[in-house]
Amino acid sequence: MAHDMSGEELRRYREDRGMNQQELVSWLNERLGRRYDRAKISRWETGAERIPQTVASALKDATSPVGIPAASSQRNAPLVLCAANQKGGVGKTTTCVNVAWLLSRQGQRVLLVDCDPQANATVHLGVDPHEREVAKETLTHALRSSRPMREFVTPVCDGAFDLLPSSISLAAADRELLRQPNGTLILRAKLAQLAGHYDFVILDCPPHLGELTVSVLNAADQLLIPTQTEMLSLMGIPQLFETIAGVRELVNPRLRILGILPTMFSPRRLQDEQILTELHAMATSESLRLFSPVRRAADYTKSVLAGRPGLAMNPNSAGAESYQEIAEALLVLGRAEMNHGA
Ligand SMILES: Nc1ncnc2c1ncn2[C@@H]1O[C@H](COP(=O)(O)OP(=O)(O)O)[C@@H](O)[C@H]1O
Ligand SMILES: [Mg+2]
């Protein structure tokens, strides 16, 4: 099909998808086997050169991934954070729950999406996954439905923030729905509906690199990597870096790594200190931020039983400063986005 495209249209198309000129040119060159450069995009956008038919057609006929806007490309879009690490028990859920709580304390409108079929975040926030499953109000139902995403959320912590709960049926969605062509873009498309309703969306990942985690990485702006200060947790990180590189190249060039968060750290254990030194070296060589380690503290396990974030029960728990550092980093990014969009 033949298409004409003006420079202004091209610029809007690119910005709506949250791509910079370099990202757009890489995408085009890969699809069309060309060697355009960034300056070429500039000339097209300013109208100095006509946009070739093949380029206009490639863009307008694209169904995905460039055809699906990132959540963050909308006006008033929330900033989307995810916590991922294919290792289980490294503190992903604890981090999501406590960061959501701290952001809400700062007056931010926050949605936590539980993307793990084990529904740990859901339980941690005092919501019964089975009840939600019966009521058909879980992430699985939201992904399958044409109804707006917001109809599936529930307020938690006395209304401090919202939760989109998970339940075991998400495991089946992972196997069927998300493995369809472009299935790992459904979450991203759904989150794009939330513009104007939340300042931050936090996605809690399952402990493996399957379709659910890829869906999350396709949808997120910022990735936080919690890792326990022990050898096995550390070993998964290079594999995660590879997955992220693939996601950035093919689907979501906006994805950035916010940093690495060492968790369950015991300063008296020699092994923990050694791992922390290794993490420091890894962060330096990858130019990543290493957040202050969260110390091991019984408060966090107790808070799961109470169905509340640890920091809601005891704001001075060990690790409060680390989680505060993360919330601050997000607030700074959120403000930068607002100024950029204004
Ligand atoms: N700083 C901490 N100190 C002690 N226990 C913790 C700490 N952070 C998390 N935990 C506990 O460790 C377990 C695993 O944490 P969780 O956040 O569920 O990890 P993941 O989501 O990566 O599987 C949970 O029982 C949680 O309560
Ligand atoms: Mg978890």
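Note that the structure is a prediction, hence the values are computed from the model and not measured.

Each value, and the rule that gives it
Residues numbered from 1 in each chain as written. Chains lettered and ligands numbered in written order. Predicted model: local features only at pLDDT ≥ 70, side-chain atom pairs only at ≥ 80, totals over all residues. Heavy atoms only, no water. Near = heavy atom within 4 Å. Polar contact = N/O pair within 3.5 Å; in protein donor to acceptor, adjacent residues only side chain to side chain. Areas by Shrake-Rupley, 256 points an atom, 1.4 Å probe, with all protein chains shown as cover. Helix = DSSP H or I, 4+ residues; strand = E, 2+ residues; numbered from the N terminus. Buried < 20%, exposed > 50% of the residue type's maximum accessible area, 1.4 Å probe, protein only. Pairing = 2+ DSSP bridges. Salt bridge = Lys/Arg side-chain N within 4 Å of Asp/Glu carboxyl O. Phe/Tyr/Trp six-rings, centres within 6.5 Å; stacked < 30°, edge-to-face > 60°. Lys NZ or Arg CZ within 6 Å of the ring centre and 35° of its normal. Contact = heavy atoms within 4.5 Å. Axes fitted to C-alpha atoms, helices over the stretch in contact; angles between N-to-C directions. UniProt positions renumbered as here; feature names shortened; annotations may be inferred.

1. Details of the site of ligand 1
Around ligand 1, the surrounding shell holds 15 residues, and the nearest of these are Gly 89, Lys 92, Thr 93, Thr 94 and Ala 297. A distance of 3.0 Å separates a nitrogen atom of ligand 1 from a polar backbone atom of Arg 295. Against a free-state accessible area of 560 Å², the protein chains account for coverage of 82% of ligand 1. If you list the elements that add at least two residues to the shell around ligand 1, you get α5 (92–105) and α15 (298–306).

2. A closer look at the pairing of strand β7 (residues 256–263)
Buried residues dominate β7, accounting for six of its eight residues. Inspection of the sheet shows strand β6 (residues 222–228) paired to β7 by seven bridges, in the parallel sense. Bridging across to β7, Thr 227 finds its partner in Pro 262.

3. A short note on the pattern of salt bridges
If you walk through the whole model with that rule in mind, you get 17 salt bridges. Across the salt bridge formed by Arg 289 and Glu 325, the nearest N and O atoms sit 4.0 Å from each other. Placement of the pair is Arg 289 in the loop between α14 (270–285) and α15 and Glu 325 in helix α17 (residues 320–341), with a sequence separation of 36 residues. Take Glu 325: its relative accessible area is 22%, and that puts it in the partly exposed class. Taken together, the shared-partner salt bridges in this structure form one network comprising Glu 8, Arg 11 and Arg 12.

4. Topic: the packing of aromatic side chains
For the coordinates displayed, the defined rule picks out two aromatic pairs. In this arrangement the basic side chain of Arg 105 is found over the ring face of Trp 101, its NZ or CZ atom lying 4.3 Å from the centre.

5. Some details on the side chain of Asn 252
With respect to the helices and strands, the residue Asn 252 is situated in the loop between α13 (237–250) and β7. Here the side chain of Asn 252 touches Ala 220 through a polar contact of 2.8 Å, landing on its backbone oxygen. When sequence neighbours within four positions are dropped, the list of residues in contact with Asn 252 reads Arg 188, Leu 217, Asn 218, Ala 219, Ala 220 and Val 247.

6. Section: the sheet that holds β7
Strand order in this open sheet of seven strands is β3-β4-β2-β5-β1-β6-β7, and the pairing throughout is mixed. Where the open sheet ends on each side, the last strands, each with one partner, are β3 (154–156) and β7. In this sheet, neighbouring strand axes are inclined to one another by 25 degrees on average, regardless of whether the strands run parallel or antiparallel. Bridge count for strand β2 (residues 110–114) against strand β5 (residues 200–204) is five bridges, and the pairing is parallel. Each residue of the ladder has a partner; that of Val 113, found in β5, is Leu 203. In the packing of α13 onto the sheet, contacts are made with β6 and β7, and the angle to β6 comes to roughly 170 degrees.

7. Focus on the UniProt feature "domain: AAA" (unreviewed entry) in the protein chain
In this structure's numbering, the residues bearing the UniProt feature "domain: AAA" (unreviewed entry) are residues 81–257. Along residues 81–257 the backbone is 41% helical and 16% strand, and the end-to-end C-alpha distance reaches 10 Å.

8. Describing the environment of Arg 188
Along the chain, the position of Arg 188 falls in helix α10 (residues 186–191). Expressed as a C-alpha distance, the spacing of Arg 188 and Thr 46, which sit 142 residues apart in the sequence, is 30 Å. In terms of polar contacts, Arg 188 uses its side chain to reach the backbone carbonyl oxygen of Asn 218, at 3.2 Å.

9. Focus: the environment of Gly 319
In this structure, Gly 319 sits in the loop between α16 (310–313) and α17. Judged by relative accessible area, which is 4%, Gly 319 ranks as buried. Through-space distance from the C-alpha of Gly 319 to that of Ser 42 is 46 Å; in sequence the pair is 277 residues apart.

10. Concerning the side chain of Gln 86
One can find Gln 86 in the loop between β1 (79–83) and α5. Overall, Gln 86 belongs to the buried group, its relative accessible area being 16%. A distance of 3.0 Å separates a polar side-chain atom of Gln 86 from the backbone oxygen of Gly 236. A polar contact of 3.2 Å, which involves the side chain of Gln 86, links it to the side chain of Gln 239. Those residues in contact with Gln 86 that sit more than four places away from it in its chain are Pro 207, His 208, Leu 209, Gly 236, Gln 239 and Leu 240.

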